[in-house]
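Read off the chains here:
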Amino acid sequence: MKTKQKVKILQVSKLKKKLDAVFSKWIRQRDKKCYTCGRSESLQCGHFIPRQYLAVRFDERNCHAQCYVCNMLFNGQPSAYALNLQKQYGKKIIQELENQRKVITKLTPQWYLEKIEHYQKEIKRVTRKIVESYKPEKIILFGSYAWGKPQKWSDLDLFIIK
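Below is a short write-up of the structure. (Residues numbered from 1 in each chain as written. Predicted model: local features only at pLDDT ≥ 70, side-chain atom pairs only at ≥ 80, totals over all residues. Heavy atoms only, no water.)

On to the overall build of the chain. Along the backbone of the chain there are seven helices and four strands. Listing every helix and strand of the chain by position from the N terminus yields α-β-α-β-α-α-α-α-β-α-β. Counting across all 162 residues of the chain, residues that qualify as buried make up 35%. Accessible surface for the chain amounts to roughly 10,900 Å². Of this, 56% is attributable to carbon and sulfur atoms. (Helix = DSSP H or I, 4+ residues; strand = E, 2+ residues; numbered from the N terminus. Buried < 20%, exposed > 50% of the residue type's maximum accessible area, 1.4 Å probe, protein only. Areas by Shrake-Rupley, 256 points an atom, 1.4 Å probe, with all protein chains shown as cover.)

Right, here's the structure in full:
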C-alpha cells in the first residue's frame, strides 16, 4: 500500500472516531433521556441498525439516546426501540433503515469534517439556548469529560447553578 493511501485511511479512521464522539454527544444532548425506558442517567448513543453499517451509522433517525442498561445490558431493547421509531417516524421507518443499511457507503475525509463541524455547531447552539433560557450563575463540567478521559459511551455531566 502506498504511503499516501495509508495516510488517507488513517485520517479517515481518526475523523470517524472524532465524528462518533461529536455525534454521540449531539444525540444525547438532543434526546436528554433514554429512548426505550425514559431514564436520564448514563446516556449513550444507541443505534437501531448496528453502527457497523456505515450508511446508517450517522442517520439521526437510527440513533437515539439510550441508558447504559438498555443499550449494553439489554442489547438495545430492539422491540421497544422499534415501537418508538414507528411512533416517531411512521410505520415505514424500519424498512427504510433496513434498506438504507444495505447501501455500500464510502465517506470522504471532507464529508467527515463537514459533519463534525455541523454537530459541533448544533451542540454550541443548544448550549447557548440553555444559557439564555436559564441564565445560570455557573456551569460546572464534571465526570469523564472534565478529567479529559471520555469514552464513546460517556455522557456530558454538567452541574448548573442558577
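Let us keep going from here.
When you line up the elements, Val-103 lands in the loop between α5 (93-101) and α6 (109-134). For Val-103, a relative accessible area of 40% puts it in the partly exposed group. Expressed as a C-alpha distance, the spacing of Val-103 and Leu-54, which sit 49 residues apart in the sequence, is 8.7 Å.

This part is about the packing of aromatic side chains. When we look at a pair of aromatic rings, we describe it by the centre distance and by the angle of the planes. Counted under the stated rule, the structure contains eight aromatic pairs. Arranged with centres 5.1 Å apart and planes meeting at 80 degrees, the rings of Phe-23 and Tyr-119 form a pair that is edge-to-face. You can see Phe-23 sitting in helix α1 (residues 3-31) and its partner Tyr-119 sitting in helix α6, a full 96 residues away along the chain. Judged by relative accessible area, Phe-23 falls into the buried class, the value being 2%. Taking the centre distance of 5.9 Å and the plane angle of 50 degrees together, the rings of Phe-58 and Trp-111 count as tilted. Here Trp-111 lies in helix α6 and Phe-58 lies in the loop between α2 (54-57) and β2 (63-67), a separation of 53 residues in the sequence. An aromatic cluster of three or more residues is present, and its members are Phe-23, Trp-26, Phe-58, Trp-111, Tyr-112 and Tyr-119. (Phe/Tyr/Trp six-rings, centres within 6.5 Å; stacked < 30°, edge-to-face > 60°.)

Okay, α5 next. Think of an α-helix as 3.6 residues a turn; residues three or four steps apart then line up on the same face. Regarding α5, the residues found buried are Ile-93, Ile-94 and Leu-97. The buried residues of α5 occupy an angular sector of 105 degrees when the element is viewed end-on, so they sit on one face. For α5, the elements touching its buried residues are α2 and α4 (78-89). (Arc of directions from axis to C-beta. Contact = heavy atoms within 4.5 Å.)

Here α6 is 26 residues long and its end C-alpha atoms lie 38 Å apart, about the 38 Å a rise of 1.5 Å per residue gives. Of the residues trailing α6, Lys-135 is marked for its positive phi of about 45 degrees. (Expected span 1.5 Å × (residues − 1).)

Looking now at the side chain of Gln-44. By secondary structure assignment, the location of Gln-44 is in strand β1 (residues 43-47). With relative accessibility at 3%, the residue Gln-44 sits in the buried group. A polar side-chain atom of Gln-44 sits 2.6 Å from a polar atom in the side chain of Asn-71. (Polar contact = N/O pair within 3.5 Å; in protein donor to acceptor, adjacent residues only side chain to side chain.)

Moving on to unusual backbone geometry. Its identity is not glycine, yet Lys-32 carries a phi of approximately 65 degrees, on the positive side. Structurally, Lys-32 can be placed in the loop between α1 and β1. Among the residues examined, Lys-32 registers a relative accessible area of 51% and is labelled exposed.

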